[in-house]
Amino acid sequence: MSERRGLNRALFWLYEGHGAWPFTFRWAMLVFDMVTIAYFLWAPFEQRGRTHYVVDYAIGAVIALDLVARLYIDRRKIRFFTRWINLADIVVVITMFAPLLISNFAFLRVLRALRAVRAFTFVKRIKILTPFFQRHERIIDKVANLVVFVFITAALVYALQVGRENSDIHTYIDALYFTITSLTTTGYGDVLLQGQLGRILAIFVMVLGLSLFLQLLRAIIEPDHKVECECETCGLSRHDRDAVHCKHCGS
């Protein structure tokens, strides 16, 4: 396999290497993801002005450059397009430039919420770089899973209910409010989903969302004595912190 050189080597170092610059770069990407997600939640989808479209195109360009850079340093180009996280990024880039081709429908908010998935992968990488994230990796995983679920589900609620004669949901905040009150079983009852599909979606939020919420509480309450360290022989990923040999195969 050929050795990396030039730009390929520099980009690989930023994305996969160790040191001050890779550490800063990955944190910067995580901050960009968080700001981008916040913009997706705040930016209106109706009555959009020229400024909103300029911001859309700028964000889309940055995400596209990140996608191209990761494709460039990946030795398995075809396999790159089979990973769902990369497909999610491609979908997000397309939706950022969609106003050039079609109207900016509400369903685009569901697709753009997939950017939260990308932020989740950067959180998992940062765990390797700092002792704090190493010690609390289990809790961080559960928090990331729950946050991604909330973002995407709220976006789905918004897309399916806004403009469909539902007087309870007018903005994304209404959809987010319903999602959180449902998965925490608070259920004030002031926001309800309409129609058969709305009831099915509400059941999905309560069942899956509650299970993720309980997993987070369990991770906080119960101490975790295992770490992520994949065995090269059998593939077992979790081992005791003081383990010398793999408990499955003995390697």
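These remarks concern the structure in this document. Nothing here was measured: the structure is a model prediction, and the numbers come from that model.

### Examining the packing of aromatic side chains
The geometry of an aromatic ring pair is captured by the separation of the ring centres together with the interplanar angle, meaning the angle of the planes.
Now for step 1: Throughout the structure, instances matching the rule amount to six aromatic pairs.
Now for step 2: Geometrically, the ring pair formed by Y15 and F25 is edge-to-face, given 5.0 Å between the ring centres and 75° between the ring planes. With a gap of 10 residues between them, Y15 in helix α1 (residues 6–16) and F25 in helix α2 (residues 20–42) connect regions that are remote in the sequence.
Now for step 3: Ring geometry for F23 and W27: centres 6.3 Å apart, planes at 65°, overall edge-to-face. Of this pair, F23 and W27 both sit in helix α2, four residues apart, which is roughly one turn of the helix.
Now for step 4: Overall, F23 belongs to the partly exposed group, its relative accessible area being 29%.

### Details of the pattern of salt bridges
Now for step 1: The tally for this structure, following the rule as stated, stands at three salt bridges.
Now for step 2: Between R83 and D74 there is a salt bridge, with the nearest N and O atoms lying 2.5 Å from each other.
Now for step 3: Taking the relative accessible area as the measure of exposure, R83 reaches 30% and is therefore partly exposed.
Now for step 4: Classification of D74 as buried rests on a relative accessible area of 13%.
Now for step 5: Put simply, D66, R70 and D89 are held in one network by salt bridges that share partners.

### Side note on a nonpolar patch on the surface
Now for step 1: A contiguous nonpolar patch, built from L214, L217, I220 and I221 and spanning about 400 Å² of accessible area, is present on the exposed surface.
Now for step 2: For I221, a relative accessible area of 69% gives the class exposed.

### Observations regarding the side chain of S182
Now for step 1: With respect to the element layout, S182 can be found in helix α10 (residues 172–183).
Now for step 2: Under the relative-accessibility criterion, S182 is labelled buried at 10%.
Now for step 3: Looking at S182, its side chain comes within polar contact range of the main-chain oxygen of F178, at 2.8 Å.
Now for step 4: Each residue touching S182, except ones within four places of it in the same chain, is listed here: V205 and M206.

Rules of the game
- Residues numbered from 1 in each chain as written.
- Predicted model: local features only at pLDDT ≥ 70, side-chain atom pairs only at ≥ 80, totals over all residues.
- Heavy atoms only, no water.
- Phe/Tyr/Trp six-rings, centres within 6.5 Å; stacked < 30°, edge-to-face > 60°.
- Helix = DSSP H or I, 4+ residues; strand = E, 2+ residues; numbered from the N terminus.
- Buried < 20%, exposed > 50% of the residue type's maximum accessible area, 1.4 Å probe, protein only.
- Salt bridge = Lys/Arg side-chain N within 4 Å of Asp/Glu carboxyl O.
- Patch = residues over 30% accessible without salt bridge, like charges linked within 9 Å, V, L, I, M, F, W, Y side chains within 5 Å.
- Areas by Shrake-Rupley, 256 points an atom, 1.4 Å probe, with all protein chains shown as cover.
- Polar contact = N/O pair within 3.5 Å; in protein donor to acceptor, adjacent residues only side chain to side chain.
- Contact = heavy atoms within 4.5 Å.

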